Amino acid sequence: MTRPSTADALRSEAADLLTENGYIEVSSPITIGDIQLEVPGLWEGPPDSLDLSVIADRPASREAALRLFWLVQRLVRALDAAGSRRTMTVILVGFQSSPQGMGELLELARVLVVDGSLPTERMLGPLLRLRLPSTATAQLDGIAEVAEAISKKRAARELHRLVQAASAGATVVSDRYKAWIDESFASPRSTDA
């Protein structure tokens, strides 16, 4: 994947990733309880997530950082007043070198920075669905695998009976194991138990 060269490209890439992962952009103004707010760049997480995310430009000045802080604070306080359990994430887009207002935002929300230094998917990782590669091409029978592994052991016959009992459930295995122990004490020959 090529690295976007502008803040607009980064913002677009972040929005595309959110959309691909089930987020929906919320049109402004929004009403939370009795409070109406103008929140540009607000995204609602997929149904299995309680996340709300705001995509915003990385503040270039202290004033811009304070505006963003107060916007997020109003949103978080409105959610609190409504008894919401939603989490807040602020996605800061841009190349600003100084961490203007980052500390204050971290008191209110999770903050993710998309600045092109790493792939956007990696920067937004906490918001994205986890996709694991398939690791097996065929379903293995665990009981058969264990039975094969113990087939060369000295007590293979007794162990095999225990393994076969596993398909009937844990209680059957426990009962079979207790019977094996009882048999080992009752028989005159020694058995590896």
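Residues numbered from 1 in each chain as written. Predicted model: local features only at pLDDT ≥ 70, side-chain atom pairs only at ≥ 80, totals over all residues. Heavy atoms only, no water.

A.B. asks: Would you mind going over the packing of helix H6 (residues 156-165) against helix H7 (residues 170-186) with me for this structure?
C.D. replies: Between two packed helices, what matters for the description is the angle formed by their axes and the separation of those axes. H7 packs onto H6 with a crossing angle of 160 degrees between their chain directions and a minimal axis gap of 8 Å. Comparing the axis directions of H6 and H7 gives the class roughly antiparallel. Read as a crossing pair, H6 and H7 show a hand that is right-handed. Along its contact with H6, which presents Glu158, Leu159, Arg161, Leu162 and Ala165, the element H7 presents Val172, Val173, Arg176, Tyr177, Trp180 and Glu183. Each residue belonging to the contact of H6 with H7 can be placed in one class, and the counts come to 7 nonpolar, no polar and 4 charged. (Axes fitted to C-alpha atoms, helices over the stretch in contact; angles between N-to-C directions. Helix = DSSP H or I, 4+ residues; strand = E, 2+ residues; numbered from the N terminus. Parallel < 35°, antiparallel > 145°, perpendicular 65-115°, else oblique. Left-handed = near helix turned anticlockwise from the far one by under 90°. Contact = heavy atoms within 4.5 Å. Nonpolar A, V, L, I, M, F, W, Y, C, P; charged D, E, K, R; others polar.)

A.B. asks: Is there a simple way to explain the pairing of strand S6 (residues 87-93) in this structure?
C.D. replies: Looking down a regular strand, the side chains alternate between one sheet face and the other. S6 sits mainly inside the fold: 6 of its 7 residues count as buried. Taken together, the 7 bridges between strand S5 (residues 51-57) and S6 define a ladder with parallel strand orientation. Of the residues in S6, the one forming a bridge with Asp57 is Val93. The parallel pair S5 and S6 is bridged by helix H2 (residues 62-81), and the resulting crossover is right-handed. Sheet analysis places S6 next to strand S7 (residues 110-114), joined by 5 bridges and oriented parallel. Within S7, the residue paired with Val90 across the bridge is Val111. (Buried < 20%, exposed > 50% of the residue type's maximum accessible area, 1.4 Å probe, protein only. Pairing = 2+ DSSP bridges. Right-handed = clockwise from strand over helix to strand, strands pointing away.)

A.B. asks: How should the sheet that holds strand S1 (residues 24-26) be read in this particular structure?
C.D. replies: In any sheet, the strands associate via hydrogen bonds between backbone groups, in a parallel or an antiparallel arrangement. Pairing within the open sheet is mixed, and its 5 strands lie in the order S1-S4-S5-S6-S7. Because the sheet does not close on itself, it has two edges, and the strands there are S1 and S7. Direction aside, the axes of adjacent strands within the sheet are offset by 30 degrees on average. Along the sheet, helix H1 (residues 7-20) makes contact with strand S4 (42-44), S5, S6 and S7, crossing S5 at roughly 170 degrees. Strand contacts of H2: S4, S5 and S6, with the helix running at about 165 degrees to S6, the strand carrying the most contacts.

A.B. asks: Looking at this structure, how should I read unusual backbone geometry?
C.D. replies: Most of the time, phi is negative for any residue but glycine, and the peptide bond is trans. Geometrically, the link from Ser28 to Pro29 is a cis peptide bond, its omega value of 0 degrees lying close to zero. Its location among the elements puts Pro29 in the loop between S1 and strand S2 (30-32).

A.B. asks: Please clarify how the pattern of salt bridges should be interpreted in this entry.
C.D. replies: Counting across every chain of the model gives 7 salt bridges. We note a salt bridge from Arg77 to Asp80, for which the minimum N-O separation is 3.8 Å. Of this pair, Arg77 and Asp80 are both found in helix H2, 3 residues apart, which corresponds to roughly one turn of the helix. (Salt bridge = Lys/Arg side-chain N within 4 Å of Asp/Glu carboxyl O.)

A.B. asks: How should I be thinking about the packing of aromatic side chains in this particular structure?
C.D. replies: Here the distance between the centres and the angle between the planes together describe a pair of aromatic rings. Evaluation of the coordinates by the stated rule reveals 1 aromatic pair. For the ring pair Phe69 and Trp70, a centre distance of 5.1 Å and an interplane angle of 75 degrees mean the geometry is edge-to-face. (Phe/Tyr/Trp six-rings, centres within 6.5 Å; stacked < 30°, edge-to-face > 60°.)

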